[in-house]
Amino acid sequence: MSSEPKQADIWAALQASSRRTRPVAVLKSSFTSSDELLVAGPSSDEKTAPRVNKYDLLCPREGCGSVILKAQVGKWVSLEPTPHPALPALPSESPDVDCWLVMPNPMAFENIGFSRAVPTTTPGVPKKKLLACAECDLGPLGWCFEGGSEYWLVSDRVGYRSA
Ligand SMILES: [Zn+2]
């Protein structure tokens with residue numbers, strides 16, 4: 001926020017160092033199937049084990065790659081085409097949205113940013129907050145509801161660290 005002349009140099013140095021260490025995000029479209037992104041979560045029973053993210057989830061912006069969620073923290077869920085009565089319409093009208101469900105609070109994330117609460121049009125439904133990269137503000141990557149304990153990251157809006 002400072003306008004000191006050296007700010008640009010510092011920023012450039014930060015960028016350079018981050019390029020060396022930042023992981024590269026691979027988009028979901030680069031995988032042949034969603035199954036490649038999944039691994040069975042911890043459970044005593046294989047059949048009921050949730051499927052969780054095999055890879056760390058990253059900001060998809062080239063040059064950012066901020067780690068959003070560690071591997072095996074997000075649960076794979078396919079949201080139904082018909083909105084649940086308790087939920088407002090999905091951000092897009094796409095028929096099926098595959099998401100990583102993160103619970104129970106923002107501490108589950110490595111890094112995440114929130115938008116201001118957006119009022120929903122459905123009566124009785126809490127305000128929605130959009131999720132964005134905490135470092136570069138790229139978003140929305142998903143959403144949550146004000147005061148809720150569930151956070152959805154849209155699977156094709158995040159990157160994957162597969163190497
Ligand atoms: Zn980012």
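These lines cover the structure that appears in this document, whether it is placed above or below. Owing to the predicted nature of the structure, the values given are computational and were not obtained by experimental measurement.

A count of helices and strands for the protein gives one helix and 12 strands. Residue burial in the protein is summarised as follows: out of 163 residues, 34% are buried. For the protein, restricting intrachain contacts to residue pairs at least 6 apart in sequence, the fraction spanning at least 24 positions comes to 51%. Carbon and sulfur atoms make up 53% of the accessible area of the protein, which totals about 10,100 Å².

What follows deals with the nonpolar core. Core analysis: the biggest nonpolar cluster contains 23 residues, and Ile68, Trp100, Phe109, Leu153, Val158 and Tyr160 have the highest contact counts within it. Sorting the residues of this core by element identifies β5 (67-69), β7 (97-102) and β11 (151-154) as the ones contributing at least two each.

In the first shell of the zinc ion, the protein supplies Cys59 (SG), Cys64 (SG), Cys133 (SG) and Cys136 (SG), at 2.2 to 2.3 Å from the metal. Around the zinc ion, the four donor atoms sit at angles spanning 105 to 114°, and that spread fits a shape best called tetrahedral.

A few words now on the sheet that holds β5. An order of β1-β12-β4-β5 is seen for the four strands of this open sheet, with the pairing classed as antiparallel. Bordering the open sheet on either side are β1 (26-27) and β5, each of which pairs with just one other strand. Bridge count between strand β4 (residues 56-58) and β5: two bridges; the pairing is antiparallel. Its bridge partner being in β5, Leu58 is matched across the sheet by Val67.

Another aspect to go through is the pattern of salt bridges. The tally for this structure, following the rule as stated, stands at four salt bridges. Note that Asp98 is salt-bridged to Lys28, the shortest N-O span being 3.6 Å. With Asp98 in strand β7 and Lys28 in the loop between β1 and β2 (38-40), the pair connects residues that are 70 residues apart, well separated along the chain. On the accessibility criterion, Asp98 (18% relative accessible area) is buried. With a closest N to O distance of 3.9 Å, Asp56 and Lys70 form a salt bridge. With a gap of 14 residues between them, Asp56 in strand β4 and Lys70 in the loop between β5 and β6 (75-79) connect regions that are remote in the sequence.

Our next topic: the pairing of strand β10 (residues 142-145). By the alternation rule, side chains of β10 split into Gly142 and Cys144 and Trp143 and Phe145, which are all buried. Across four bridges, strand β9 (residues 128-132) lies against β10 in antiparallel orientation. Its bridge partner lying in β10, Leu131 is registered against Gly142. Here β10 pairs with β11 via three bridges, running antiparallel. Residue Cys144 lies in a different strand from β11, and its bridge partner there is Tyr151. The hairpin turn running from β10 into β11, its antiparallel successor, is five residues long, and Gly147 in that turn takes a positive phi close to 80°.

Basis of the calculations
- Residues numbered from 1 in each chain as written.
- Predicted model: local features only at pLDDT ≥ 70, side-chain atom pairs only at ≥ 80, totals over all residues.
- Heavy atoms only, no water.
- Helix = DSSP H or I, 4+ residues; strand = E, 2+ residues; numbered from the N terminus.
- Buried < 20%, exposed > 50% of the residue type's maximum accessible area, 1.4 Å probe, protein only.
- Contact = heavy atoms within 4.5 Å.
- Areas by Shrake-Rupley, 256 points an atom, 1.4 Å probe, with all protein chains shown as cover.
- Core = buried A, V, L, I, M, F, W, Y, C linked by side-chain atoms within 4.5 Å.
- Donors = N, O, S within 2.8 Å, 3.2 Å for Na, K, Ca; no water.
- Tetrahedral: all angles 85-135°; square planar, octahedral: opposite > 155°, others 65-115°.
- Pairing = 2+ DSSP bridges.
- Salt bridge = Lys/Arg side-chain N within 4 Å of Asp/Glu carboxyl O.

In short, geometric facts, not functional conclusions.
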